[in-house]
Structure formats: C-alpha cells, structure tokens
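As a plain string of letters, each chain reads:
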Amino acid sequence: MGLSVSASTGIVLISLILIFGTLYPAIQKSEDMKNDAREEWLDWREEKQQAGMNITEVRYEDHELNITLTNTGDTIMDIRELEVMLNGNYSTDKIEDQVVDEEIENTNIWNPGQKLTLSLENVDEDINRVAIVNEFGSIIYHSMESD
Amino acid sequence: MKMPGRSATEMIWFMVSVIVAISLMGVFVGIAYQYSDTIQQNARGEAADYKVNVEIINDPRDVPYDDEDGELTIYAKNTGTYELDKDQSLVIVNGEPHAEDELEIEMMGDSSAWTQGSVARINITVENLEENQDHRVNLEVQGIFQGERLGRDSDSIKFHL
C-alpha cells in the first residue's frame, strides 16, 4: 500500500513539472511577442501623430498640375508613399516630377520643414479638389472652388 | 502460505495505482501541450494584428459611384507591415456585406500584390445606392505572413452621395 502511494505521488509530481515546464515558457514567449508588437505599433502611432503636412499651393496650367506641400510635422516622410487623389480618383500614377526645396530632384526623403513640389501630367481641367495621403494613411484636402 | 497471497494483492494494488496515475497525468500533460500551442498561436495572431493596417483613402466628398453599373469605388492603402490577402477582403456597405465575387480588386501603380504602402482599388457592385443620402462603408482585411493568414484590421468611411 505504502509503495503504491509513493509511486503514484512521484508520477503526479513529475507530470506537474512537465505541465509547468510546457506552459510557463509558452506564456512567457507569447507575452514577449505581444509586447514587442505593441511597442512597435506605439512607435508607429507616435510617428503618425507627429507627422503633418500642408498644401501650400495648387497651380493648374495646360494639363499640368503643380502641388506644393510643406512637411509641417516632425516625421521624415517617404515621397514614394504619398498618394494623390484628384476629384476623388486615384492619380498618383500621374506624378511626373518631384522636387524638394525647389532643387533636390533625386530623393525620396521629405524632411520636416522642407517644401515638396509634385508635378502631375495629363490632368483634366475641371479638377477642383486635391487630397494628399501620406504613408500613415492621414489625408489632407484642398478645394479650389474659390479660384 | 500467507505471504505470497499478500504480496500478490500488493502487487496488483501497486500496478493499478501506477497505471491510473500515468494515464491520468498523461492526459493532463497532453492537454498542457495543446494549450501551450494555442496560447502561442493566439499571441502570434494578436501580435500580427498590430502589423496589419489598412486605411481607406477616398475623399469623402467625391466617392466615385457609377449609377448605371451600380459600381462603388473604394481606395484602400496598406499602411501596415504585412501583405494583405485580396481574396479575404470584406466590404460592408450600409450594413450589407460584400465579399469574393462581388468585389473587384485591382492594384494601383506598379505593384502586383497588396504589399506595404500599395493602394488597391476595390470596385463593389451595389445597385441603387440612393443619392442625396449618407452612406457608410466598412472594410475588413486579413494579413498574410509566410503562408499563414494572420492579423486583421478594418477601416470605415462615411460619405454623402
């Protein structure tokens, strides 16, 4: 009787160690994974909140539309990731030229405080609304009805 | 003559208790293994939720709608890290879900997949969308990561036609 009790107790104890040894690392690993992802996301949110831009000028001339933007935030933005919507239609593929601070042409980096001019070609005459989307999905609008 | 009988009962007792203990604990250990798998899978999904981001970039003033074909156009930008699964997108227009065949998803620019930063044009066939009314569109997407489907995100837009 005594031997069987201690034997089964031993088995139970070993199993408890096995169970704990499986669950504990799994829980720890998943918590780490979640925390890392959350931290990364919070960084992204912070950048998104600090990002800001402004449409300074929109000029239409002979099927060419020049949009001048200023990076008013504190985040460096990627010019390739900007999207242009004209009258609600996707028009990013009409961008022919991008100039930062009226002189730098071969860059995709748009630093805080810098001016960016986007030149779009084959633009219809009746455009009266411009929307610019940045890499974070924030949108700014410009209406030209007053023109 | 008493001794062998007693040790035989004891032997049976011993074996029975060990067998019972092993089988019970085997079941518990098995459950623990399965459970730890589930925990990790859930965590992977939750972590992926943070990396799957979609944003509807339509100008709410000018949402393209073709009344003849009943085609509503939504532009959605992948602002997350993971690629999005086009086939798993779900668009809810005024509470009515539209998926798979009812959606026509085309990538804009030179991208072929819905990767980070790329924009998809989603055409939804919604007949008789009333003009001079407010409408609401909800978009739900799923991310793909190494062949697994992971993470979800959604975005919505309200507009007046």
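Residues numbered from 1 in each chain as written. Chains lettered and ligands numbered in written order. Predicted model: local features only at pLDDT ≥ 70, side-chain atom pairs only at ≥ 80, totals over all residues.

**Student:** Tell me what's going on with the overall build of chain A, and back it up with residues and numbers.
**Tutor:** When its secondary structure is counted, chain A shows one helix and ten strands. Ordered by position from N to C terminus, the α and β elements of chain A give α-β-β-β-β-β-β-β-β-β-β. Dimensions of chain A, computed from C-alpha atoms along their principal axes, come out at roughly 100 × 30 × 25 Å. Residues counted as buried form 22% of the 147 residues belonging to chain A. Long-range pairs, those at least 24 residues apart, make up 62% of the contacts in chain A with a sequence separation of at least 6. (Helix = DSSP H or I, 4+ residues; strand = E, 2+ residues; numbered from the N terminus. Buried ≥ 20, exposed ≤ 12 C-beta atoms within 10 Å, placed from the backbone. Contact = placed C-beta atoms within 7 Å.)

**Student:** Break down the sheet that holds strand 9 (residues 129-133) of chain A for me, citing the residues and quoting the values.
**Tutor:** The strand order across the open sheet built from four strands is 5-4-9-10 (chain A), with neighbouring strands paired in antiparallel fashion. Both outer strands of the open sheet, strand 5 (89-90) and strand 10 (139-143) of chain A, are each paired with one neighbouring strand and no more. (Pairing = 2+ DSSP bridges.)

**Student:** Tell me about the domain arrangement of chain A, residues and numbers included.
**Tutor:** Here chain A is described as being made up of domain 1 (1-50) and domain 2 (53-143). Here the C-alpha centre of domain 2 of chain A lies 49 Å away from the C-alpha centre of domain 1 of chain A. (Domains from an automatic or database assignment.)

**Student:** Break down the sheet that holds strand 6 (residues 95-100) of chain A for me, citing the residues and quoting the values.
**Tutor:** All names here are of chain A. Taken together, the four strands give an open sheet; going across it, the order is 1-2-8-6, and neighbouring strands pair in antiparallel fashion. Bordering the open sheet on either side are strand 1 (53-61) and strand 6, each of which pairs with just one other strand. When the angles between neighbouring strand axes are averaged without regard to direction, this sheet yields 15°. Pairing of strand 1 with strand 2 (residues 64-71), which is carried by eight bridges, proceeds in the antiparallel orientation. By the bridge assignment for strand 2, arginine 59 is matched with asparagine 66. (Axes fitted to C-alpha atoms, helices over the stretch in contact; angles between N-to-C directions.)

**Student:** Before we move on, can you summarise the interface of chain B and chain A with the specific residues and values?
**Tutor:** The interface of chain B with chain A comprises 38 residues on the first partner and 39 residues on the second. Sorting the residues of the side of chain B that touches chain A by element identifies helix 1 (2-51), strand 3 (71-78) and strand 8 (119-125) of chain B as the ones contributing at least two each. The biggest single contributor to the side of chain B that touches chain A is helix 1 of chain B, with 22 residues. A per-class count over the side of chain B that touches chain A returns 21 nonpolar, seven polar and ten charged. (Nonpolar A, V, L, I, M, F, W, Y, C, P; charged D, E, K, R; others polar.)

**Student:** Please give an account of unusual backbone geometry that cites residues and values.
**Tutor:** Residues and elements named next belong to chain A. With a phi close to 50°, aspartate 62 is a non-glycine residue in the positive phi region. Structurally, aspartate 62 can be placed in the loop between strand 1 and strand 2. For aspartate 62, a count of 8 C-beta atoms within 10 Å gives the class exposed. We note that asparagine 122 has phi near 55°; this positive angle belongs to a residue other than glycine. Along the chain, asparagine 122 turns up in the loop between strand 8 (115-120) and strand 9.

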